[in-house]
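# Structural overview
Residue-level listing of the chains:
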Amino acid sequence: LPRSDFAALLEPFRPLLLSGRLCHLVQTNATLIDEGWCELLREHKFRIGVSIDGPVWANAERLDWAQRPTWQRTMRGIEALKKAGLPFSVLAVVTEERLADAQRLYDFFCELGCERLGILIEERLDNTRRRPLIQSLEVRCFWEELARAWKARPVLTITELEMVHQFWEKPGLTADQKIRANL
């Protein structure tokens, strides 16, 4: 969608935005983000999420419609956001092959300059894939290593760790009550 068309779609929402009753959010691979898009995102006060799975070696499955890697274009878009002073979050998919890389991934995202990191462990919902399910012990080890990395260097927020912390901080409830309250 051309930027001008996108801007036209946003205009009817301007009164709500200016009154504080609306918040725009966008999740993007950032491959098309440039100075012009940054201006539009700033004008409409967007909260920005970028989909990137880590350094180039962690992004093998991030391809465009022509099956070309997106990593370099994503990084160029991130640099445009940073140059424009626009804060952004990251949403990263962690595949089975990356479960042993929690520390390296965390270090990358710290250096990237994002404010918040969201992690999605790759899910396999049906039998159409030929890959076996990820073992829960490997996932547990990933989260433990990621938590240790964050504790040693808490420079960005990890959404899932923050949610767990908030969940367990509910005063006056037993663990069973906390679990039941969140079902």
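Up top you'll find the structure we're talking about.
Residues numbered from 1 in each chain as written. Predicted model: local features only at pLDDT ≥ 70, side-chain atom pairs only at ≥ 80, totals over all residues. Heavy atoms only, no water.

## Structural notes on the sheet that holds strand β1 (residues 25-28)
What the five strands build is an open sheet, ordered β1-β2-β3-β4-β5; its pairing is parallel. A single partner strand is all that each edge strand has here, and the edge strands are β1 and β5 (157-158). Each of β3 (88-94), β4 (116-121) and β5 touches helix α6 (residues 136-152); the most contacted strand, β4, lies at about 170° to it. On the sheet, helix α7 (residues 159-168) packs against β4 and β5 and is oriented at approximately 90° with respect to β4. (Pairing = 2+ DSSP bridges. Helix = DSSP H or I, 4+ residues; strand = E, 2+ residues; numbered from the N terminus. Contact = heavy atoms within 4.5 Å. Axes fitted to C-alpha atoms, helices over the stretch in contact; angles between N-to-C directions.)

## Some details on the environment of L86
Relative to the assigned elements, L86 resides in the loop between α4 (71-83) and β3. With 41 residues separating them in the primary sequence, L86 and K45 have C-alpha atoms 9.5 Å apart. In contact with L86, not counting residues within four places along its chain, are C38, L41, R42, I48 and L81.

## Some details on the pattern of salt bridges
Any two side chains of opposite charge can pair, so long as their charged atoms come close to each other. Per the counting criterion, the structure on display carries 13 salt bridges. When the shortest N-O distance is used, the salt bridge between K82 and E79 registers 3.3 Å. Here the residue K82 and the residue E79 both occupy positions in helix α4, the gap between them amounting to three residues, near one helical turn. Judged by its relative accessible area of 42%, E79 falls in the partly exposed class. (Salt bridge = Lys/Arg side-chain N within 4 Å of Asp/Glu carboxyl O. Buried < 20%, exposed > 50% of the residue type's maximum accessible area, 1.4 Å probe, protein only.)

## Quick look at the packing of α4 against helix α5 (residues 102-112)
Axis separation between α4 and α5 bottoms out at 12 Å; the angle between their running directions is 40°. Accordingly, the angle class assigned to the pair α4 and α5 is oblique. Contact residues: α4 offers W71, M75, I78 and K82, while α5 offers F108, E111 and L112. Residue composition of the contact of α4 with α5, grouped by class: five nonpolar, no polar and two charged. (Parallel < 35°, antiparallel > 145°, perpendicular 65-115°, else oblique. Nonpolar A, V, L, I, M, F, W, Y, C, P; charged D, E, K, R; others polar.)

## So, the pairing of β4
Two elements, β3 and β4, share six bridges in a ladder whose sense is parallel. Residue pairing across strands places V90 opposite L117, the latter belonging to β4. Tracing the backbone out of β3, into α5 and back to the parallel element β4 gives a crossover that is right-handed. The pairing of β4 with β5 spans two bridges and is classified as parallel. The residue of β5 that forms the bridge with L117 is I158. (Right-handed = clockwise from strand over helix to strand, strands pointing away.)

## Looking at α6
Because an α-helix completes one turn every 3.6 residues, residues spaced three or four positions apart along the sequence face the same direction. The end-to-end C-alpha distance of α6 is 24 Å, a good match for the 24 Å that 17 residues give at a rise of 1.5 Å each. Considered for burial, the residues of α6 that qualify are V139, F142, L146 and A149. Around the axis of α6, the buried residues are gathered within 90° of arc, so they sit on the same side. Those residues of α6 that are exposed and angled more than 90 degrees off the buried face are S136, L137, R140, R148, K151 and A152. Where α6 is buried, its residues contact β3, α5, β4 and β5. (Expected span 1.5 Å × (residues − 1). Arc of directions from axis to C-beta.)

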